[in-house]
Amino acid sequence: VQLQASGGGLVQAGGSLRLSCVASGRTFSMYNMGWFRQAPGKEREFVAAINWGGGGNQDYADSVKGRFTISRDNAKNTVYLQMNNLKPDDTAVYYCAARPLGSGTYYYPRFYDSWGQGTQVTVSS
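Remember, it's a predicted structure, so these values are computed and weren't measured experimentally. (Residues numbered from 1 in each chain as written. Predicted model: local features only at pLDDT ≥ 70, side-chain atom pairs only at ≥ 80, totals over all residues. Heavy atoms only, no water.)

Our next topic: the overall build of the chain. Scanning the chain from terminus to terminus reveals zero helices and 11 strands. Walking the chain from its N terminus toward its C terminus, one meets helices and strands in the order β-β-β-β-β-β-β-β-β-β-β. For the chain, whose C-alpha radius of gyration is 13 Å, the value lies close to the compact-globule estimate of 14 Å for 125 residues. By principal-axis analysis of the C-alpha atoms, the chain measures approximately 40 × 30 × 25 Å. (Helix = DSSP H or I, 4+ residues; strand = E, 2+ residues; numbered from the N terminus. Rg over C-alpha atoms; globule rule 2.2 N^0.38 Å.)

Counting 36 residues, the largest nonpolar core has Trp 35, Leu 81, Met 83 and Tyr 94 as its most contacted members. Contact partners of Tyr 94, with chain neighbours within four places excluded, come to Leu 19, Trp 35, Phe 36, Arg 37, Val 47, Phe 68, Leu 81, Met 83, Gly 118, Thr 119 and Val 121. (Core = buried A, V, L, I, M, F, W, Y, C linked by side-chain atoms within 4.5 Å. Buried < 20%, exposed > 50% of the residue type's maximum accessible area, 1.4 Å probe, protein only. Contact = heavy atoms within 4.5 Å.)

A separate point is a nonpolar patch on the surface. Nonpolar side chains collect at one region of the surface, where Met 30, Trp 52 and Leu 101 lie side by side and expose about 300 Å² of accessible area between them. Mapped onto the secondary structure, Trp 52 falls in the loop between β5 (45-50) and β6 (58-60). Since its relative accessible area comes to 45%, Trp 52 is described here as partly exposed. (Patch = residues over 30% accessible without salt bridge, like charges linked within 9 Å, V, L, I, M, F, W, Y side chains within 5 Å. Areas by Shrake-Rupley, 256 points an atom, 1.4 Å probe, with all protein chains shown as cover. Salt bridge = Lys/Arg side-chain N within 4 Å of Asp/Glu carboxyl O.)

Here Asp 73 shows up in strand β7 (residues 68-73). According to the relative accessible area criterion, Asp 73 is partly exposed, its value standing at 25%. Spatially, the C-alpha atom of Asp 73 lies 9.6 Å from that of Phe 28, the residues being 45 residues apart in sequence. Look past the residues within four positions of Asp 73 in its chain and what remains in contact with it is Phe 28, Thr 78 and Tyr 80.

With that out of the way, let us pick up unusual backbone geometry. When glycine is set aside, most residues are seen to have a negative phi, and most peptide bonds are trans. Located in the positive-phi region is Asn 77, a residue other than glycine, with phi close to 55°. In this fold, Asn 77 is placed in the loop between β7 and β8 (78-83). Residue class for Asn 77 comes out partly exposed when judged on its relative accessible area of 26%.

This part covers the pattern of salt bridges. All chains considered together, the criterion is met by four salt bridges. Glu 45 serves as the salt-bridge partner of Arg 37, at 2.6 Å between the closest nitrogen and oxygen. Classification of Arg 37 by relative accessible area gives buried; the value is 6%. Of the residues examined, Glu 45 reaches a relative accessible area of 36% and is grouped as partly exposed. The residue Asp 90 makes a salt bridge to Arg 67 at a minimum N-O spacing of 2.7 Å. Taken as a pair, Asp 90 in the loop between β8 and β9 (92-100) and Arg 67 in the loop between β6 and β7 lie far apart in primary sequence, 23 residues in all. Salt bridges here are not isolated pairs; linked through shared partners, they connect Arg 37, Glu 45, Arg 67 and Asp 90.

In this section: the layout of surface pockets. When its volume is computed, the largest pocket comes out at roughly 220 Å³. Taken together, 13 residues line the largest pocket, and the ones lying closest to its centre are Arg 37, Lys 42, Glu 45, Asp 89 and Asp 90. For the lining of the largest pocket, the class distribution of residues is two nonpolar, three polar and eight charged. (1 Å grid on protein atoms, 1.4 Å probe; cavity = no way out; pocket = protein on both sides within 12 Å on 5 of 7 lines; lining within 4 Å. Points joined across faces, edges and corners; volume = space filled by probe spheres on them. Nonpolar A, V, L, I, M, F, W, Y, C, P; charged D, E, K, R; others polar.)

Quick look at the structure:
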């Protein structure tokens, strides 16, 4: 599956952004989806994940719980990341990723076999 992420930008602390990731090429509904981020000089880290069906099964990094929401619309082949109350520490390149059903766990990048190109999120203080 090919992924195209968008929606990043520059926002002040406390602001909001919504990232989108459109999938093409294979049956989107057969993939669990995740968002990761990578700040300069740091390793890529897990942000949020949602299972193939979407309903009621999301996971979040502790650092974003209560502020970020992951969702998906299988009819539109799209996964979203709504980010509220953004903080300077959220500054990073954000990547969407697809994990085939039955492949490992949501937390580790190595279990995802398709990645979007990344979208920059910058939060100013």
